[in-house]
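# Chains, contacts and geometry: an overview
Okay, here's what each chain looks like letter by letter:
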Amino acid sequence: MRILTYAQAIREAHAQLLAEDPRVFLIGQGVRNPWYAGTSLQDLDKEFGRDRVIDSPVSENATTGAAIGAAITGMRPILFHPRMDFMLLAADPIMNQAANWSYLFAGQVAVPVVIRAVINRGGEQGAQHSQAVQALFAHVPGLKVVMPATAYDAKGLLIAAVRDGNPVLYIDDRWLYELEEDVPEGLYEVPIGSAAIRRSGRDVTVVATSYMAAEAVKAVATLAQRGIDVELIDLRSIKPWDRNLVYSSVGKTGRLVVADAAWMSGGVAAEIAASVAGEIFHALKAPIARVCLPDAPAPTSAVLEQAYYVGAEDIVASVEKVLL
Amino acid sequence: MNCQKSGAISCSREQLMSFLYGMQRIRLVEERIGELVASREVRTPCHLSIGQEAIPVGVCAALNEDDTVWGGHRSHGHYLAKGGDLNAMMAEIFGKATGCARGRGGSMHLVAPAQGIFGTVPLVAATIPLAVGAALSGKLRGTHQVAVAFFGDGATDEGHFHESLNLAALYRLPVLFVCENNLYSTHLTLKERRVKDNIVESAALHGLAGVTVDGNDVTAVYQAAQQAVHRARIGEGPTLLECRTYRWRGHVGPAADLEVGADRRRELDEWQRHDPIAQCRALLSTRGVSSDSVDSVAAKVREEIEAAVRFARQSPDPDESELLQHVYAARRGC
């Protein structure tokens, strides 16, 4: 073990996968350029050559379609979309093609592709450089969606995604890139579909995704000082998500706050809230609270941005509300 | 239109017989499907390629078994020409468990991985970038496999097409973009969609080879495809092959869609005089093949088709227990 940042952990997973498996290659816009990828892909082209680390034109349809076609014919591509907003141009290959082909052709065709999308919000970038549309993709049968919130998971989930054999959307958030922790040196997998309990507690369950899982760690510390004992679950996989762990936790605490830094309507938090209410309503002692972004595009002005984004304080407020 | 010339001179009598067999088979199969749609026994939308048979037959004759083809909504011909099993296709159109996609696909979603047919899907232009990916995969694996994307002229109106041409040219990928230009995108004529009749010029623009051929002359299609496949295999990159043709039936189903425009009747008469099958028969007669032996080919194909229809009718429906199978692939070896 040694300390790596979240971005370094992503890079290490790529390097080890490229070294381990000749079927793995990387394609996407800006894979050679830290402006796009931070340190998360640094110098992979120098280490593995530009045949396998392909910095592509801004052609989301063609690159995504090509990664899918390569996956169908025996490769294990990792596709890089430096901003999730731009990835929407490839909605057809992702939602109509990658997601459908296994089912459509009764399992005779598989699409083992990893589609990495980066959420890159803040910094007065505005509406089209900031979106977190994980719910859109989690809605689609045939896709898996993961959102690591720690360096350990960033590495382990990428490895699991490449080896999964299905189209997996791997969504990372640039606000997490500098987080550090111990990361094992070898290849290891974090199972897709399994959440992690970050802190056990008795009073309230907080289920958080991605960046909000990091914010929730701070929120939980604040609440502990106020005598509130939170059970914190980092969801890690959006689809499939770990129903059993969430149900057993809410079964114990009777209270649920879901934190997902994306729009509230029709979102991941709505899905979890509806499932909990539908399956274990009797366990609930209070209404479920959601901590999400307001239903508006991201503004640019720093003042409006400050008001728009949610964080630890919002989680604290929601936990206190469900305890009233 | 500057079309590449006929390749008849270089084709042997056996080759011509095989082309005729392939084209006649596609036509008779589709005529039968048209009847089954008209009688409502088949309900899935069927897009017939009658009149366009020379293109799949000519192109696939230039391919190896492990080369891949990718198609669209009008792909019965691609599937059959590349070696897909007729029984499995017919059963698929009937929605049966013995279908090539176990009844999940119908006419618009055909598959036969062992024959290099990884999938045909109706999202217009969707498989063009997938074929580029198959070519990239072949290049990275060093297999010299060629990938063929079949699509109509309507697909050239999509961004997928232009992005894919550029990417394939940029990385010199072994891919053939085969545009079956039948002059219509559903009901809209080419001139209602483009200022110029210049699809093939997209090739020069993106830096790849571009060739226009008479898509109703199977020998011309074959020769052009052979040259393009050769270039692809030796690393000289992709080709856009525009095959000029005409769809005799409507966009979907067996009717002729005569109501779509004033020119349709006149065009249809003209193009039917330029029938790819009649042309091939005429060529064979100049090579001393009697019309009787040509007719006996058709009789055999009819028997094969009736056997396929019986197979489809007698096959079981998929079981309801299959409904949620294969949404995800089982994890494979890593």
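Our subject is the structure listed above.
The structure displayed is predicted, hence computed values, not measured ones. The numbering scheme is per chain: residues are counted from 1 as the chain's sequence reads. Written order decides the labels, with chains lettered from A and ligands numbered from 1. Local features in this predicted model are restricted to residues whose pLDDT is 70 or higher, and side-chain atom pairs enter the listing and the counts only when it is 80 or higher, whereas totals over whole chains, interfaces and linings include all residues. For the side-chain quantities, the full set of heavy atoms in the structure was used; hydrogens and water were omitted.

A few words now on helix α14 (residues 312-323) of chain A. All names here are of chain A. Elements are defined by DSSP. Helices are runs of H or I of four residues or more, strands are runs of E of two residues or more, and each kind is numbered from the N terminus. The span one expects for a helix is its residue count, reduced by one, times 1.5 Å. Spanning twelve residues, α14 covers 17 Å between terminal C-alpha atoms, matching the ideal 16 Å at 1.5 Å per step. Each residue gets one of three labels from its accessible area relative to the maximum for its type: buried under 20%, exposed over 50%, partly exposed in between, using a 1.4 Å probe on protein chains only. Listing the buried residues of α14 in full gives A312, I315, V316, S318, V319 and V322. Looking straight down α14, one finds its buried side chains confined to an arc of 170 degrees; they lie on one side. Turned more than 90 degrees away from the buried face of α14 sit E313 and K321, all of them exposed. Its buried side turned inward, α14 meets β10 (204-208), α10 (210-225), β11 (230-234), β13 (256-263) and β14 (289-293). Starting at the helix axis, one direction is taken to each C-beta atom, and the arc is that of these directions. The contact criterion used throughout is that any non-hydrogen atoms of two residues lie within 4.5 Å.

Quick look at the pattern of salt bridges now. As a working rule, side chains carrying opposite charge can pair if their charged atoms are close by. Salt bridges are defined by distance alone: a side-chain nitrogen of Lys or Arg within 4 Å of a carboxyl oxygen of Asp or Glu. Applying the stated criterion to the full structure yields 39 salt bridges over all chains. Taking the shortest distance from any N to any O, the salt bridge between E41(B) and R313(B) comes out at 2.7 Å. Taken as a pair, E41(B) in the loop between α1 (13-38) and α2 (54-60) and R313(B) in helix α11 (residues 291-314) lie far apart in primary sequence, 272 residues in all. Across the pair R244(B) and E242(B) runs a salt bridge, and its minimum N-O distance is 3.0 Å. Neither residue differs from the other here; R244(B) and E242(B) are each classed as buried. Here the residues in one salt-bridge network are R2(A), E12(A), K155(A) and E185(A), joined through shared partners.

Residues and elements named next belong to chain A. At least two DSSP bridges between two strands are required for those strands to pair. Across the sheet, which stays open at both edges, the five strands sit in the order β9-β11-β10-β13-β14 with mixed pairing between neighbours. Sheet topology places β9 (196-199) and β14 at the edges, where each strand pairs with a single neighbour. The average angle at which neighbouring strand axes cross in this sheet is 25 degrees, direction not considered. Strand direction decides the pairing type here: β10 and β11, joined by five bridges, are parallel. By the bridge assignment for β11, V204 is matched with V230. Axes, fitted as lines to C-alpha atoms, cover a helix only where it is in contact. Angles between the N-to-C directions of the axes lie from 0 to 180 degrees.

Every contact between the two is made by 44 residues of chain B and, on the other side, 47 residues of chain A. Where chain B abuts chain A, roughly 3,700 Å² becomes buried across the two surfaces, and 64% of that area is made up of carbon and sulfur atoms. On inspection of chain B and its partner chain A, the count reaches zero salt bridges. If you list the elements that add at least two residues to the side of chain B that touches chain A, you get β1 (68-71), β2 (117-120), α5 (127-141) and α6 (159-170) of chain B. No other element matches α5(B), which puts ten residues into the side of chain B that touches chain A. Under this grouping Gly is polar, as are all residues other than the nonpolar Ala, Val, Leu, Ile, Met, Phe, Trp, Tyr, Cys and Pro and the charged Asp, Glu, Lys and Arg. A per-class count over the side of chain B that touches chain A returns 24 nonpolar, 14 polar and six charged. In this description, buried area is defined as the sum, over both parts, of the accessible area (probe of 1.4 Å) that is lost when the two are combined.

We now examine the sheet that holds β1(B). Residue and element names in this part refer to chain B. Pairing in this open sheet of six strands is parallel, and the strands run β2-β1-β3-β4-β8-β7 from one edge to the other. If you trace the sheet from one side to the other, it starts and ends with β2 and β7 (209-214), each paired once. When the angles between neighbouring strand axes are averaged without regard to direction, this sheet yields 15 degrees. Bridge count between β7 and strand β8 (residues 239-244): six bridges; the pairing is parallel. Bridging from a neighbouring strand, V213 pairs with C243 of β8.

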